[in-house]
Amino acid sequence: MARALQLARQGLFSTHPNPRVGCVIVAGGEIVGEGWHVRAGEPHAEVHALRQSGERARGATAYVTLEPCSHHGRTPPCAEALVRAGVGRVVAAMQDPNPLVAGRGLGLLRDAGIEVTSGVLEAEARELNQGFIKRMELGLPLVRVKLAMSLDGRTAMASGESQWITGAAARSAVQRLRARASVIVTGADTVLFDNARLTVRADELGVDAEQVALAVGRPPLRVLIDGQLRVPLSAAFFQAGPAWVACCDDDGRGDEYRAAGHQLLCLSRGDGHVDLRRLLLELAGGGANEVLVEAGPRLAGAFAREGLVDEYRIFMAPQLLGSSARPLLDWPLQRMAEAPQLSIREIRAVGRDWLIVAVPA
């Protein structure tokens, strides 16, 4: 199963909106076939592994990181493929949270007389697909907020200048965060101050050529939250490719954005701000598993205040920006009792900087 999970991680950049899945087939104590799901619409991990194992799959054990599917989607059911191949046993890391499957795949295998085990390395399997799981169970994507700060907790100078707080290794790590995301969300201030494009830069990914090709072949959707439509269509962000824009009122400009290849969404919450939860529901409805928020302190703070953040990725640089620089989040708190608690999952060096991974406690 550990090998199957290793294979599944090769789809980190490319399987959206599907989960990342790996499969290993073992006969006589030897791996005879293995595979992983590469991208939506193409064969699933089990099919690749069965093709590689051929007749040796008969009576073998299949280890798969997610319950084999039992429904006809863009590809045929994997559970039926395992039955036809004559495997003797299937070990799944976890049950599929998709209501179209949700135990039916394992049930189909049992009905065919195949021995079934589930729950092997389940925590690791859930971690790999936590965005897909959240979308299936709650109808919302996983929201990951990326922040870069100085040692004194500042993100930009008072003028808005922020390039570059962190070093090359941290910027490469951010490119990998972008590549794995279904959607990148940013705000008008970030685009205007930094002339940001929010694209995946292949030359900074720091992965092998195969993974670069997969990342470039499935670019994340870029979403700009611009309540008052302040960012002109001539901005570099719009020139970098199709994007969505979430606003409060389109002022009759929908056709203008569509003609330029973009989509305009009016999602006002009635107070001059975009309804962030409605936006996330729209994105999940379109198949978004993981949303990466790369924004300034106002928008990042808005996501945090509304309890919409699942994970913070904070890159800390060995420098000081001073008391007049901008804070990490725009989130006024008056009393210690109001301070939200976080659980730190990881701290590690990234080049000259440090990465802190934290989740709401």
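Scoring rules and cut-offs
Residues numbered from 1 in each chain as written. Predicted model: local features only at pLDDT ≥ 70, side-chain atom pairs only at ≥ 80, totals over all residues. Heavy atoms only, no water. UniProt positions renumbered as here; feature names shortened; annotations may be inferred. Core = buried A, V, L, I, M, F, W, Y, C linked by side-chain atoms within 4.5 Å. Buried < 20%, exposed > 50% of the residue type's maximum accessible area, 1.4 Å probe, protein only. Helix = DSSP H or I, 4+ residues; strand = E, 2+ residues; numbered from the N terminus. Polar contact = N/O pair within 3.5 Å; in protein donor to acceptor, adjacent residues only side chain to side chain. Patch = residues over 30% accessible without salt bridge, like charges linked within 9 Å, V, L, I, M, F, W, Y side chains within 5 Å. Areas by Shrake-Rupley, 256 points an atom, 1.4 Å probe, with all protein chains shown as cover. Salt bridge = Lys/Arg side-chain N within 4 Å of Asp/Glu carboxyl O. Arc of directions from axis to C-beta. Contact = heavy atoms within 4.5 Å. Pairing = 2+ DSSP bridges. Axes fitted to C-alpha atoms, helices over the stretch in contact; angles between N-to-C directions. Phe/Tyr/Trp six-rings, centres within 6.5 Å; stacked < 30°, edge-to-face > 60°. Lys NZ or Arg CZ within 6 Å of the ring centre and 35° of its normal.

Per an unreviewed UniProt entry, the chain carries the name Riboflavin biosynthesis protein RibD and comes from Geopseudomonas aromaticivorans. UniProt, in its Function (unreviewed entry) section for the chain, records the words "Converts 2,5-diamino-6-(ribosylamino)-4(3h)-pyrimidinone 5'-phosphate into 5-amino-6-(ribosylamino)-2,4(1h,3h)-pyrimidinedione 5'-phosphate."

## Focus on the nonpolar core
Among the nonpolar cores identified, the biggest contains 40 residues, and Ile-25, Leu-50, Leu-82, Val-87, Val-90 and Leu-109 are the most heavily contacted of them. With 5 residues, strand β1 (residues 22-27) is the largest single contributor of residues to this core.

## Section: the side chain of Thr-155
Structurally, Thr-155 can be placed in strand β7 (residues 154-156). A relative accessible area of 11% places Thr-155 in the buried class. Within the local environment of Thr-155, its side chain forms a polar contact with the backbone oxygen of Pro-327, the two atoms lying 3.2 Å apart.

## Remarks on a nonpolar patch on the surface
Side chains of Ile-344, Ile-347 and Trp-354 sit close together on the surface and give an oily, nonpolar patch of about 320 Å² of accessible area. On the secondary structure map, Ile-347 appears in strand β15 (residues 342-350). Ile-347 gets classed as exposed once you look at its relative accessible area, which sits at 51%.

## As for helix α4 (residues 104-111)
Where α4 is concerned, the buried positions are Gly-105, Leu-106 and Leu-109. Buried residues of α4, viewed axially, fall in a sector of 100 degrees; they line one side. Where the residues of α4 are buried, they touch α3 (78-85), β4 (89-92) and β5 (115-118).

## Notes on the sheet that holds β5
The sheet built from 5 strands is open, its strands ordered β2-β1-β3-β4-β5 with mixed pairing. Strands at the two margins of the open sheet, each flanked by one partner only, are β2 (30-36) and β5. Shown here is a sheet whose adjacent strand axes are inclined to one another by a mean of 15 degrees, direction ignored. As judged from the 4 bridges shared by β4 and β5, these two strands associate in the parallel manner. By the bridge assignment for β5, Arg-89 is matched with Glu-115. The strands touched by helix α2 (residues 45-53) within the sheet are β1, β2 and β3 (61-64), with β2 carrying the most contacts at an inclination of about 140 degrees.

## Things to note about the packing of aromatic side chains
According to the stated counting rule, one finds 2 aromatic pairs in the structure shown. A ring pair is formed by Phe-237 and Phe-238, whose centres lie 5.4 Å apart and whose planes are at 80 degrees; its orientation type is edge-to-face. For the residue pair Phe-237 and Phe-238, the accessibility class agrees, reading buried in each case. Ring geometry for Phe-238 against Tyr-257: centres 6.0 Å apart, planes inclined by 75 degrees, an arrangement best described as edge-to-face. On the criterion of sequence distance, the pair formed by Phe-238 in helix α10 (residues 236-239) and Tyr-257 in helix α11 (residues 254-259) is long-range, its members being 19 residues apart. Take Phe-238: its relative accessible area is 4%, and that puts it in the buried class. Members of the aromatic cluster, connected to one another through ring pairs, are Phe-237, Phe-238 and Tyr-257. Seen from the ring of Phe-237, Arg-222 lies directly overhead, with NZ or CZ sitting 4.5 Å from the centre.

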